[in-house]
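The residues making up each chain are set out below.
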Amino acid sequence: MTLKPQDFKHVNYLWDDNTVSQLDDVERLRYRSNILGADQRITNTGGGNTSSKSRMTDPLSGAEVDVLWVKGSGGDLRTSTRANFASLYMDKFLSLENIYNKAEIRGAKTEIEDAMVDMYRHTTFGLNPAASSIDTPLHGLIPFRHIDHMHPISVIAIAASKDQERLTQAVFEEEVGWVPWQRPGFDLGLVMKEKLKQDPGLKGLVMGQHGLINWADDDKTCYELTLTLIEKAARYIEGHHQGEKTFGGQKYQSLDENTRNEILVKLLPVLRGKVSQTNRFIGTVHVTESVLLFVNSMDAPRLAEIGTSCPDHFLRTKIKPLYVDWNPQKESYEVLIEKLEKGLVAYRADYTAYYEACKHSDSPAMRDPNPTVVLIPGLGLIAWGRNKSESRVTAEFYSLAIEVMRASEAISEYQGLPRQEAFDIEYWLLEEAKLKRMPPEKEFARNVVVVIGAGSGIGKATAHRVAKEGAHVVCADLSEEAAQATAKELVEMYGVGIGVAGTGISGCGPAIGLSVDITRRESVRAMFENIILAYGGIDNIIITAGIFVSPDKAGRIPDDKWALTYAINATGPYLVADEAKTIWQAQGLRTSLVITTSANAAVAKQGSFAYDTSKAAANHLVRELAIELSPLVRVNGLAPATVVEGSSMFPRDRVISSLTKYNIPFDESESTESLRDKLAIYYAQRTLTKSPITLADQAEVAYLLSSSKFSKTTGQIISVDGGLHEAFLR
Ligand SMILES: [Zn+2]
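The rules behind the values
- Residues numbered from 1 in each chain as written.
- Predicted model: local features only at pLDDT ≥ 70, side-chain atom pairs only at ≥ 80, totals over all residues.
- Heavy atoms only, no water.
- Helix = DSSP H or I, 4+ residues; strand = E, 2+ residues; numbered from the N terminus.
- Contact = heavy atoms within 4.5 Å.
- Areas by Shrake-Rupley, 256 points an atom, 1.4 Å probe, with all protein chains shown as cover.
- Lys, Arg positive; Asp, Glu negative; His and termini not counted.
- Charge placed at Lys NZ, Arg CZ, Asp CG, Glu CD.
- Axes fitted to C-alpha atoms, helices over the stretch in contact; angles between N-to-C directions.
- Parallel < 35°, antiparallel > 145°, perpendicular 65-115°, else oblique.
- Left-handed = near helix turned anticlockwise from the far one by under 90°.
- Buried < 20%, exposed > 50% of the residue type's maximum accessible area, 1.4 Å probe, protein only.
- Polar contact = N/O pair within 3.5 Å; in protein donor to acceptor, adjacent residues only side chain to side chain.
- Pairing = 2+ DSSP bridges.
- Donors = N, O, S within 2.8 Å, 3.2 Å for Na, K, Ca; no water.
- Nonpolar A, V, L, I, M, F, W, Y, C, P; charged D, E, K, R; others polar.

**Student:** Hey, could you run me through the overall build of the protein in this one?
**Tutor:** Secondary structure assignment for the protein yields 25 helices and 18 strands. With the principal axes as the frame, the protein shows a C-alpha extent of 100 × 70 × 55 Å. A separation of at least 24 residues holds for 75% of the contacts in the protein among residues at least 6 apart in sequence. Carbon and sulfur atoms make up 53% of the accessible area of the protein, which amounts to about 30100 Å² in all. Taken together, the 80 basic and 92 acidic charged side chains of the protein have centroids lying 4 Å from each other.

**Student:** Would you mind going over the packing of helix 23 (residues 652-661) against helix 24 (residues 672-686) with me for this structure?
**Tutor:** Two quantities define a packed helix pair, namely the angle between the helix axes and the distance between the axes. Interhelical geometry of helix 23 versus helix 24 gives an angle of 45 degrees and a closest axis separation of 10 Å. The angle between helix 23 and helix 24 places the two elements in the oblique class. Between helix 23 and helix 24 lies a crossing of left-handed hand. Every residue of helix 24 that contacts helix 23 at Arg-652, Val-655, Ile-656, Ser-658 and Leu-659 is listed here: Thr-672, Leu-675, Arg-676, Lys-678, Leu-679 and Tyr-683.

**Student:** How do you make sense of the environment of Glu-645 when you look at a structure like this?
**Tutor:** Structurally, the position occupied by Glu-645 is in the loop between strand 17 (633-640) and helix 23. On the basis of relative accessible area, Glu-645 is assigned to the partly exposed category, the value being 40%. Along the primary structure Glu-645 and Gly-457 are separated by 188 residues, whereas in three dimensions their C-alpha atoms are 8.0 Å apart.

**Student:** What is the right way to look at the side chain of Lys-320 in this model?
**Tutor:** Relative to the elements of secondary structure, Lys-320 occurs in the loop between helix 13 (311-317) and strand 9 (322-323). On the basis of relative accessible area, Lys-320 is assigned to the buried category, the value being 6%. Separated by 2.5 Å, the side chains of Lys-320 and Asp-350 make a polar contact. For Lys-320, the residues in contact, after removing those within four places along its chain, are Ala-304, Glu-305, Gly-307, Tyr-347 and Asp-350.

**Student:** Hey, could you run me through the sheet that holds strand 12 (residues 448-452) in this one?
**Tutor:** The strands making up a sheet associate through backbone hydrogen bonding, with each pair oriented either parallel or antiparallel. Taken in spatial order, the seven strands line up as 14-13-12-15-16-17-18 in an open sheet, and their pairing is parallel. Two strands lie at the open edges of the sheet, namely strand 14 (511-515) and strand 18 (717-720), each paired on one side alone. Sheet twist, expressed as the mean angle between neighbouring strand axes with direction ignored, is 20 degrees. Across the face of the sheet, helix 18 (residues 457-468) comes into contact with strand 12, strand 13 (472-477), strand 15 (541-543) and strand 17 while running at roughly 170 degrees to strand 12. Against the sheet, helix 20 (residues 521-535) touches strand 12, strand 13, strand 14 and strand 15, its axis set at about 160 degrees to strand 14.

**Student:** In this structure, what is going on with the coordination of the zinc ion? I would like to understand it.
**Tutor:** Each donor-metal-donor angle would ideally measure 109.5 degrees in four-coordinate tetrahedral geometry, or 90 or 180 degrees in six-coordinate octahedral geometry. Note on the zinc ion: its protein donors are His-149 (NE2), His-151 (NE2) and His-210 (NE2). The metal-donor distances range over 2.1 Å. As a motif over one chain, the donors of the zinc ion read H-x1-H-x58-H. In this pair, His-149 sits in strand 4 (residues 146-150) while His-210 sits in the loop between strand 6 (204-207) and strand 7 (211-216), placing the two residues 61 residues apart along the sequence. You'll find His-149 and His-210 in the same group, each marked buried.

**Student:** Teacher, can you tell me more about the packing of helix 10 (residues 257-275) against helix 14 (residues 333-358) here?
**Tutor:** Packing of helix 10 against helix 14 leaves a shortest axis separation of 11 Å and a crossing angle of 25 degrees. By the angle between their directions, the pair helix 10 and helix 14 is classed as roughly parallel. Handedness of the crossing formed by helix 10 with helix 14: right-handed. Contact residues: Ile-263, Lys-266, Leu-267, Val-270, Leu-271, Lys-274 and Val-275 in helix 10; Tyr-333, Leu-336, Ile-337, Leu-340, Glu-341, Leu-344 and Arg-348 in helix 14. Classifying every residue of the contact of helix 10 with helix 14 by side-chain character gives 10 nonpolar, no polar and four charged.

**Student:** What exactly am I supposed to notice about the environment of Asp-219 here?
**Tutor:** Note on placement: Asp-219 falls in helix 9 (residues 219-238). C-alpha of Asp-219 to C-alpha of Gln-716: the two residues are 497 residues apart in sequence and 66 Å apart in space. If near-sequence neighbours (up to four positions away) are discounted, Asp-219 is found in contact with Trp-15, Arg-28, Arg-32 and His-146. Side-chain polar atoms of Asp-219 contact the side chain of Arg-28, separated by 2.8 Å.

In structure tokens:
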């Protein structure tokens, strides 16, 4: 069966001859990989690999040699660039077979197999630093020029069915063969090579419990073959669609969006706290028609227990999800929490038992026994990962697993990977070595840091500072536009990551921008609800929002401006802390709050009554909150003075009024920046350190006070004012 581009219904045909004609061999491979990875029905994030064998000039001998270009370790097809492909001399790679065959004990999971991975480096062409993956032999040992190895939903559905060999034959006839599950490595490459030798007409193989591999001597033909095989499998599955009987029929109904979000906002911090006892996690809420169809179904408990099938799925999703059998129509929220708690205890015990039953004498120590996927009828799927990108990947993988189970149950009976095989991948020493090579996590990795006032000045500088420490940053500001501009800068700087999942705001990247008016409790609450839906909870909060209203020439402030000054500078931080308190207590995780006060809080002077007294109230609020929120939350104050640089607190009229007050000569025609500089120099001269105070100085201390470096400090006000002796606290 040869399909034309317009015939594909279950995959996107994206090949464009015009684009390809401009590209060299390696770029053609990159292009093919990107368009394959762009369709989740073809392969999952990070899953699968592609290769091309290309004639190239050897830089040493000048001779034409065959070079294997193959997606390297850790890359992702959709987002791959040229740098993600390893390159190996074909002749050198093939010589490795002799080394392998010399080993006395050979086969899957033997010592020699793991040792081969280090050998690939000896065959590198062109000083390419990209590391070869464990799938390299699948591409090197099959003698075709172009090879695609994919994890398509429709083919995994066949590969994860009880009678997978029969189904392979039924769907693909003589075109595609079948190999039983075997952990990827050199031996699997040899198994495939042998299979092809016995049956030279084969165009590909279904890999048991794993995916699809197929080949051709022309790259476009290989691409079209990949799509055709996936389309064929999908059409076969479509012919067996079960309609209302899917997953044994529906047991529960979904909740409407408002009710669902109301429950999630209460539930997520509780759940985050419970799964984060060993390591903090960032959440992703994923609610699609297909996810709901599964979680509400009769068969969900049975299928969830079997776990995911594709080996690179369950490294993220864990061996199985936690399914909470809660009746969204009949049972209360309290019952949900009760069932969740019981479920978590049982899950951890199960995981420990699985580890104990499957471990080898040299296995790495048991990892975090908490689930990374939680399924709740009526609500959907909640995934957890060490950062937003990882949690999106986890949600993506389980939602793909749901599709696999739906298809597999329609055509046969779904089966998972044998537990021991799953364990041998999860605790593979090569994987452990990869984990050990990862750089240590940054101070705010796994943390959600809320910066209120992030649209400008100290807040914006602080948002950048904490992002540098690995934080997920919520940039909040009265101006939604300014908040989103800061968030956009951060996302561009750090990248949105991989993983395609997340419903609504939960599909976000490492930073989001939200508007908030801290003088209104309902606005503060709405902000926190959005943060919870986006990330699953909150950690540190840093408030830099504040207001200075310039008095008139007689030093007076109108009554409404007095009230506004207090509302923003004193009541605002209280409302934020009071609303956050419920969430922090639900999570039960140690965290911190930093409130920006001012050196003015301690220095009595003329002309800034409202500002100075409101900041004095904020200073004492820090102390009161430190007591109120202990032991969970440390509360400290940051007292800046006279940060004139880029500050919204120093609008032109305030700068002019200050210059006038201090008798500093200036010209009305000068730019605001030039006037600010004059004022900054004047202020610096009044300090003990004689240095102007910058936004970065403030951001550094806001970060430090929030960090573990100040884990024993609470209820304190730290001045960052260059040294103003009249502001010394005593
Ligand atoms: Zn694979």
